[in-house]
Structure formats: structure tokens, C-alpha cells
Amino acid sequence: MLDISAVSLGYGSEVLRFSGLKLGKGEQCLITGPSGSGKTTLLYSIAGLLDVLSGKISIGDTEITGLSEQARDHFRGRHIGMIFQTLHLVKSLSVIENLMLASYVSGMPQDRAYAESILKKLDIYDKKDALPSQLSQGQAQRVAIARAVLHHPVLLLADEPTSSLDDASCEAVITLIRQVAEENNATLLISTHDARVKKYFTQVVNVGVPS
Ligand SMILES: Nc1ncnc2c1ncn2[C@@H]1O[C@H](COP(=O)(O)OP(=O)(O)OP(=O)(O)O)[C@@H](O)[C@H]1O
Ligand SMILES: [Mg+2]
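Model, not experiment: these values are computed from the prediction. Residue indices begin from 1 for each chain and proceed along its sequence in written order. Throughout, the order in which chains and ligands are written sets their labels, letters from A for the former and numbers from 1 for the latter. Selection of residues for local features in this predicted model requires a pLDDT of at least 70, selection of side-chain atom pairs for listing and counting requires 80 or more, and totals for whole chains, interfaces and linings are taken over all residues. No hydrogens and no water enter the side-chain calculation; it runs on all heavy atoms of the structure.

Visitor: Any chance you could explain the overall build of the chain here in plain terms?
Guide: Runs of H or I in DSSP of at least four residues are treated as helices and runs of E of at least two as strands, each being numbered from the N terminus. Secondary structure assignment for the chain yields 6 helices and 9 strands. Here the globule rule reads 2.2 Å times residues to the power 0.38, and the radius of gyration is calculated from C-alpha atoms. Since a compact globule built from 211 residues should have a radius of gyration of about 17 Å, the 17 Å found for the chain is in line with a globular shape. For the chain, with 211 residues in total, the buried portion stands at 50%. Accessible surface, the chain as shown: approximately 10,000 Å² in total, 50% of it carbon and sulfur. Distance from the positive charge centre (20 side chains) to the negative charge centre (22 side chains) of the chain: 0 Å. Think of it in three bands: with a 1.4 Å probe and only protein chains considered, a residue is buried below 20% of the maximum accessible area for its type, exposed above 50%, and partly exposed in between. Only the protein chains shown count as covering a residue, and every accessible area follows the Shrake-Rupley method with a 1.4 Å probe. Charged residues are defined here as Lys and Arg on the positive side and Asp and Glu on the negative side; His and the ends of the chain fall outside this count. We put the charge of a Lys on NZ, of an Arg on CZ, of an Asp on CG and of a Glu on CD.

Visitor: Help me understand the sheet that holds strand 9 (residues 203-206) in this model?
Guide: Pairing between the strands of a sheet is mediated by backbone hydrogen bonds and can be parallel or antiparallel. With parallel pairing, 5 strands are arranged side by side in an open sheet as 6-7-8-3-9. Edge positions in the open sheet fall to strand 6 (80-83) and strand 9, since each of these has one partner strand only. In this sheet, neighbouring strand axes are inclined to one another by 20° on average, regardless of whether the strands run parallel or antiparallel. Two strands make a pair as long as DSSP finds a minimum of two bridges between them. Relative to strand 8 (residues 187-192), strand 7 (residues 155-159) runs parallel, the two being bridged by 5 bridges. Lines fitted to C-alpha atoms define the axes here, with helix axes fitted over just the stretch in contact, and angles between the N-to-C directions of these axes take values from 0 to 180 degrees.

Visitor: How should I be thinking about the packing of helix 5 (residues 137-149) against helix 6 (residues 167-183) in this particular structure?
Guide: Packed helices, taken two at a time, are described by the angle between their axes plus the distance between the axes. Helix 6 packs onto helix 5 with a crossing angle of 15° between their chain directions and a minimal axis gap of 11 Å. One finds that helix 5 runs roughly parallel with respect to helix 6. By crossing handedness, the relation of helix 5 to helix 6 is classed as right-handed. Residues Gln 141, Arg 142, Ile 145 and Val 149 of helix 5 lie in contact with helix 6, whose contacting residues are Val 173, Leu 176, Ile 177 and Val 180. The class makeup of the residues in the contact of helix 5 with helix 6 is 6 nonpolar, 1 polar and 1 charged. To sort the angles, those under 35 degrees are grouped as roughly parallel, those over 145 as roughly antiparallel, those from 65 to 115 as roughly perpendicular, and the leftovers as oblique. Helix crossings get a hand from a simple test, with the near helix turned counterclockwise from the far one by less than a right angle marking a left-handed crossing and a clockwise turn marking a right-handed one. Contacts are assigned to residue pairs that have any heavy atoms within 4.5 Å of one another. Side-chain classes are defined by residue name, with Ala, Val, Leu, Ile, Met, Phe, Trp, Tyr, Cys and Pro counting as nonpolar, Asp, Glu, Lys and Arg as charged, and the others, Gly among them, as polar.

Visitor: Hey, could you run me through the side chain of His 151 in this one?
Guide: By secondary structure assignment, the location of His 151 is in the loop between helix 5 and strand 7. Of the polar contacts made by the side chain of His 151, one reaches the side chain of Ser 103; its length is 3.2 Å. Here His 151 is in contact with Gly 77, Arg 78, Ala 102, Ser 103, Ser 106 and Met 108, once residues within four sequence places are set aside. Here a polar contact is recorded for every N or O atom pair within 3.5 Å, except that within protein the pair must consist of a potential hydrogen donor and a potential acceptor, and residues adjacent in sequence are included only if both atoms are side-chain atoms.

Visitor: I keep staring at the sheet that holds strand 5 (residues 62-63) and nothing clicks. Help me out?
Guide: With respect to topology, 4 strands assemble into an open sheet ordered 2-1-4-5, the strand pairing being antiparallel. Both edges of this open sheet fall to strand 2 (13-23) and strand 5, since each of them pairs with a single strand only. As judged from the 9 bridges shared by strand 1 (residues 2-11) and strand 2, these two strands associate in the antiparallel manner. Residue pairing in the sheet places Val 7 in a bridge with Phe 18 of strand 2.

Visitor: How do you make sense of the site of ligand 1 when you look at a structure like this?
Guide: The rule for a residue being near a molecule or strand is that one of its heavy atoms must lie within 4 Å of it. All residues in the neighbourhood of ligand 1 are listed as Tyr 11, Val 15, Pro 34, Ser 35, Gly 36, Ser 37, Gly 38, Lys 39, Thr 40, Thr 41, Glu 160 and His 193. Contact between ligand 1 and Thr 40: an oxygen atom at 2.8 Å from a side-chain N or O atom of the residue. Within the contact set of ligand 1, an oxygen atom lies 2.5 Å away from a side-chain nitrogen or oxygen of Thr 41. Taken by itself ligand 1 offers 630 Å² of open surface, and the protein chains cover 57% of this. Per-element accounting of the shell around ligand 1 gives the leading share, 3 residues, to helix 1 (residues 39-46). Each residue belonging to the shell around ligand 1 can be placed in one class, and the counts come to 3 nonpolar, 7 polar and 2 charged.

Next comes the structure, spelled out in C-alpha cells:
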């Protein structure tokens, strides 16, 4: 499903050389490494938000490193769900409007009933007309998770989803992301330097050490 081979990643000059990673459909993997080791850079490269300097990344049958920027944007909108550390909710729009905007931006049909069903599943349906500023941190995070899985992504990427959370919320968020990935049969890749997250994953890749 996800196949990374011998990539060099960075912003003009290399910040991370990564020998490779293969993940099958529905597999879950944690990317760890100290601050500045390149975890976010790796996720952004997989999502096609950043050009690789060399090497190949394929998702399913699509080699995204061979696509134009526009084609990558299109592919991402349809097949990849991203949960960023900063949630990027639009402040002036309600929860449900944020979800509808995400569909619009990725060129997908706006299925309000389905979006509402996800909010119900994540237990935030009663907040569907609230503005992001009226949500708790945990509720806002669940909206970001809902937005990421709205289009049944084959690949779900989460960048430091727990770094600002207490232990109970950390466990809740990781459990929720894993469960949502399982329900969608999506491959899941989480980056973190949060040691608390390790115990939930059998596959852990450390980008801070030579591999
Ligand atoms: N937009 C950018 N332009 C140039 N260099 C960058 C940019 N973003 C990150 N870097 C550099 O790339 C390296 C890897 O950064 P990255 O954000 O991937 O690390 P990280 O492992 O996610 O760290 P953290 O755990 O703090 O989130 C760092 O040295 C950083 O300074
Ligand atoms: Mg990072």
C-alpha cells in the first residue's frame, strides 16, 4: 500500500535520508525520532506536500513522486487523510461547515449526512453548529480526525497528535485514530516524539538513527 524506497528528503538540501518502508493495507506504524530529526518532513513528503530530492514513494499503484504538484494535490484530496499538529480549523465556520469545506476543497461531493454520522460516532454531533473557538482541545481534535477520514482515505497520516495532551486524552486520541483507521481499513502512520504513544504500536520506525 505504502512503499517508500531510498528517499532523500528536505527543503532544497537534505534533512533526512530514509532507506525505506513498506506498509500493507490496514497496517499501523509509528514514526519516532528526536525533535528536528525529520518526522514531519517525512509525513509531508508522503502526502506529496513536499518534493522529494531523490527516491520513490508509492501509495497503492500510484507513484506520487512521479506526479505533478497539481496531480499530487488531487490525489491527496481523494486518498489521504491528514491530521496536523495544529488543527487548521477555519475559525469563522462551524464544525459541520469545516467538514463541508474540506470536501469542497478536495473536489469531493459534500455529503452532509455522512459527515454528521462521523460526528455522531466521535461523540461530537451536539457540537456540529459550534465554532472551533467554542470547543475544548479534545473536541477540536476529534473534528480534525473527522475531517481527515471524511473521504475514506486509504492512508491516514497524523503528525504529533498527542503532544499537547494529558495522559488520559493521549490514550483516548490514539485509540480513536487507530479505531477510525481500522474502520476505514486505512493504513496508518503516526509521527511522534511522545514516548507514551509507543506502547500502542507493534511497528515502530526511528528516523533519528541510521537505518
Ligand atoms: N520549511 C522548512 N525549510 C527549511 N528547513 C526546514 C523546514 N521545515 C523543517 N526544516 C528543517 O528540517 C529538519 C527536520 O524538521 P522536521 O520538522 O521534519 O522535524 P521533526 O522530526 O518533525 O521535529 P519535531 O519533533 O520538533 O516536530 C529540521 O532541521 C528543520 O529545521
Ligand atoms: Mg514535527
